[in-house]
Amino acid sequence: MHRYTRWSAFREISLWIAAVPVLAPMYFVITTALRPPGETAGSSLAPPARPTVGNFSQAWGQAGGDTVSFGQALLNSTLTTVMVVALLVAAAAPAGYALARRGSRLSGLISSLFTLALILPIQLGLIPLYVFMVETGLAGTLAGLVLVYTGLQMPLAVFLYTGFFRALPTAYEEAALVDGASPIRIFAQVALPLVRPVTVVVAVLTGLFVWNDFFIAVVFVGDTDKATLPVAVYSFVGQFSTNWSLVLAGATIALVPVLLLYAFMQRSITQGFTSTLHG
Amino acid sequence: MVTSVRRREALREATAWVRRTGETGRAAASARRVPWIFVAPAAALCSAVLLIPSLLGAFYAFTEWDGLTAPKWVGLGNFAEFFTRPEGTGVLAHTLVIVVCYVVGVNAVGLGLALGLERALRTRNVLRTLFFVPAVVSPLVVAYVWKFILDTHGPLNTALEALGLGAVAQPWLAKPETALPAIIGVMVWQFSGYHMLIYLAGLQGIQAETREAAMVDGAGSWLLFRHIILPQLRPAITIGVALSTIISFTLFDQVMALTGGGPSGKTETLGTYVYKQAFVNGQYGYSAAVALLLVGVVCVAAAGQLRALRREDS
């Protein structure tokens, strides 16, 4: 379509120069994490003379101080993310459907409340929420954490679903209605399957947020055995802050699951990130 | 696989049908049958976790409260305290500097990368993946990686010394003049690729014909960018600016990992300050007041952006 000109070659070379700041940290992380304790970490740019995976096994065994191991944190993060995404889809899809289909003033009002919640920083409600969670015994539990994340990500999920259901024609729903299907059946068997791309988007965006978040997790499950991966990394770094080989081995362990997921779902994730453009 | 193809076909047929008949989602008869109970779980969860606690937080902002005993009404006392405390205005200033520099930086770099990657390149996909991948990983872990690189004895200073630039080498995160720019730099580094994707999607929407017509008319690349590309990228710019604004106002993870707010409070932001006042110092009322201030600043920024966009429209 476009010819590969000298200008294209210039652009290509410039972009690879711009990519050096992206590649260099990756190189430093890997070489440092593989450096045996004898070789001084940090002060050498060359790869380790005798690379070792010892840092990784040591990091895996000692992570998270006394409260949580990397394995436990990995399990906590996985459980939390899966449950939040499932609850979000189950609650936000019907809500977005109803808000898109009912053109009344009330649905406009509810929609604008969700939009307001979309830009509302969590900091304001955090303290009353925390006090409430402590009083009900939900603080420090995975159930409590799931509840908080689900509520916080609900505005985004509802916003995405509403936008896509609005753009979705009603012809098939009309046909199902004529056939005598109930609203619940129409939603679950006709409308929802048609917006499966949005469900992928919601899962990608909210799932990555929950998986990577540190702030909410440290407030609600910090210093407990329910800590998620970022919290475990935080405690781990607090404990071994000067031992960079060990710290970066721990960081690499924390990065691997998401990078693997990205490698397998690259298209869905890329679509998820840009879909807010069309919503 | 077969079902998904069938679904896509169904969707395409239905869209064509709408185009023919002009029937939209709202006007249909099935619309009135959707029961309100569909909204209830989502509305309940969002209210319980976000809206009601925020209203309560706005109330506690005007009280002195330790979370245990009954709150005591102090009017605007907490706000007065924030602005008279030595660190107060600094926290506000750091946050605003971060927001402005980050929003400009991440969108400029993202747009630059998108323009560079836009058309046929041999390694286009590799480069795109490379630039985007930092955006999917944990900001906390990214911050620790950079804490290592920027360390006094870290690779950056070692490299500078090796290049004979030892005079430039310094403890980047331990000095007030370089710590704040370093935090902004790490954020721009991580999320430029995300903004690149937003602008790449925006550029796809610009018709090749429009561009070619302009080039035939003799428009240079700057004129083309200024008068054809930039105006059509407006929706993408709006989204890019709004997203980066919200993210940077509530910044927390990266600061906690890189500097913890130091050296001597010189990188404390509203996000870290609210957290520390509540969960370290136990001053819930005061912390809620600063959080309310944060919401106020975000609202002013959002309204400002909206006005700027409307002015451009007219």
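The preceding data block contains the structure.
Residues numbered from 1 in each chain as written. Chains lettered and ligands numbered in written order. Predicted model: local features only at pLDDT ≥ 70, side-chain atom pairs only at ≥ 80, totals over all residues.

(A) Broad picture of the packing of helix α4 (residues 70-101) of chain A against helix α10 (residues 196-212) of chain A. All names here are of chain A. Across the interface, α4 lies against α10 with an axial gap of 9 Å and an inter-helix angle of 140°. Note that α4 runs across α10; the crossing there is right-handed. Across from Ser77, Thr80, Thr81, Val84, Val85, Leu88, Val89 and Ala92 in α4, the residues of α10 making contact are Thr199, Val202, Ala203, Thr206, Gly207, Val210 and Trp211. Classifying every residue of the contact of α4 with α10 gives 9 nonpolar, 6 polar and no charged. (Axes fitted to C-alpha atoms, helices over the stretch in contact; angles between N-to-C directions. Helix = DSSP H or I, 4+ residues; strand = E, 2+ residues; numbered from the N terminus. Left-handed = near helix turned anticlockwise from the far one by under 90°. Contact = placed C-beta atoms within 7 Å. Nonpolar A, V, L, I, M, F, W, Y, C, P; charged D, E, K, R; others polar.)

(B) The interface of chain A and chain B, seen in detail. Contact residues are listed per partner, giving 87 residues for chain A and 90 residues for chain B. In terms of residue count, helix α7 (residues 142-167) of chain A provides more of the side of chain A that touches chain B than any other element does, 10 residues in total.

(C) Representation of unusual backbone geometry. All names here are of chain A. Positive phi, normally seen in glycine, also occurs at Asp223, with a value near 60°. Note that Asp223 resides in the loop between α11 (215-221) and α12 (229-239). Looking at Asp223, the number of C-beta atoms within 10 Å reads 15, which means it is partly exposed. (Buried ≥ 20, exposed ≤ 12 C-beta atoms within 10 Å, placed from the backbone.)

(D) Representation of the environment of Glu268(B). Residue and element names in this part refer to chain B. With respect to the helices and strands, the residue Glu268 is situated in the loop between α12 (253-258) and α13 (270-279). Considered as a pair, Glu268 and Met256 are 12 residues apart in the sequence and their alpha carbons are 9.1 Å apart. Not counting chain neighbours up to four residues away, the residues in contact with Glu268 comprise Glu87, Gly90, Val91, His94, Gly261 and Tyr273.

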